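What follows is each chain in one-letter form.
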Amino acid sequence: MAPIDYMAKVDTVKVAIIKSLLDIERIHRIELEGWVNNDSSLAHLYLRNLSAIVFGTVLNVTQQDNNVTVVPSEHLANQRNWGLQVAFLQRLMDIANLPKRYLALGKPYDVPPSIISLISFEILWLSEELKHLIQNSTLMGSIIGHIGLLESILNS
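For every chain, the first residue of the written sequence is number 1, and numbering continues from 1 onward in sequence order. Where local features are concerned, this predicted model is filtered to residues with pLDDT of at least 70; where side-chain atom pairs are given and counted, the filter is 80 or more; whole-chain, interface and lining totals use all residues. Side-chain metrics rest on all non-hydrogen atoms present in the structure, leaving aside hydrogens and water.

Draft legend 1. Just the pattern of salt bridges, in detail. Salt bridges are identified by distance alone: a Lys or Arg side-chain nitrogen within 4 Å of an Asp or Glu carboxyl oxygen. One pass over the structure, following the stated rule, counts 2 salt bridges. For Glu 122, the salt bridge identified is with Arg 48, shortest N-O distance 3.0 Å. In this pair, Glu 122 is assigned in helix H7 (residues 113-136) and Arg 48 in helix H3 (residues 42-55), connecting sequence segments 74 residues apart. Think of it in three bands: residues with accessible area under 20% of the maximum for their type are buried, residues over 50% are exposed, and the middle band is partly exposed, with areas taken using a 1.4 Å probe on protein chains only. The class for Arg 48 is partly exposed, based on a relative accessible area of 21%. The numbering of helices and of strands both runs from the N terminus, where a helix is a DSSP run of H or I of at least 4 residues and a strand a run of E of at least 2.

Put into C-alpha cells, the structure is as follows:
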C-alpha cells in the first residue's frame, strides 16, 4: 500500500476553499450587502482580506537609520503556500478576463462590471506590490522563480 500524501490533500482542500471564496455570486452578495448597509468598501475589504490570508503583506519594509530593507512576507516566501497563491491569482485572472472571453465568443456575460473592477483593482495592487518587491529587494533561491511565476500570471 502506497503512503498517503496528506499535504497534497490539504493543498487541494485549500485551493477548493479559495475558489469557493472567490465565487462571483459570493462577491456580488457581499457587494450588495455593502450597498444596503451604506458601506461601499465591503467587497473591496473582503478581497483584500483574502489576499492577506493568501499572501500575508506580500512584502515587509523595514527602515533602520537611512537604510530601507524590503523582503518578501513570510506567507509569500513559505513554499507550502505557493500552490494556493498560484490558484488564487489564476482565479482572479479568470474573473477579470471573463468579459474578453465572452466577447470573443460573441456571447453576453452576466458578471457585474463592478465585480470586474474590484477584481482588476486587486490584481493591480498585487502586481504593484510584487514589482516593488522585485525592484527593491535582493531575492535569492527558489523565491525568484515563484515571484516570476506570479508576475507572469498577473501579466497574462
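Draft legend 2. The arrangement of a nonpolar patch on the surface in detail. Taken together, the side chains of Tyr 102, Leu 103 and Tyr 109 present a nonpolar region at the surface, about 290 Å² in accessible area. When you line up the elements, Tyr 109 lands in the loop between helix H6 (98-105) and H7. Under the relative-accessibility criterion, Tyr 109 is labelled partly exposed at 32%. Only residues whose relative accessible area exceeds 30% and that take part in no salt bridge are eligible for patches, with like-charged residues grouped when within 9 Å of each other and nonpolar side chains (Val, Leu, Ile, Met, Phe, Trp, Tyr) grouped when within 5 Å. Residue burial considers only the protein chains on display, and all accessible areas are found by Shrake-Rupley using a 1.4 Å probe.

Draft legend 3. Spatial organisation of the side chain of Glu 129. Mapped onto the secondary structure, Glu 129 falls in helix H7. Among buried charged residues, Glu 129 stands out as having no salt bridge; its nearest opposite-charge side chain is Arg 48, 7.4 Å away. We call two residues in contact whenever any of their non-hydrogen atoms come within 4.5 Å of each other. Setting aside residues no more than four positions away along its own chain, Glu 129 makes contact with Thr 57, Val 58 and Leu 59. His is not counted here, nor are the chain ends, while Lys and Arg score as positive and Asp and Glu score as negative.

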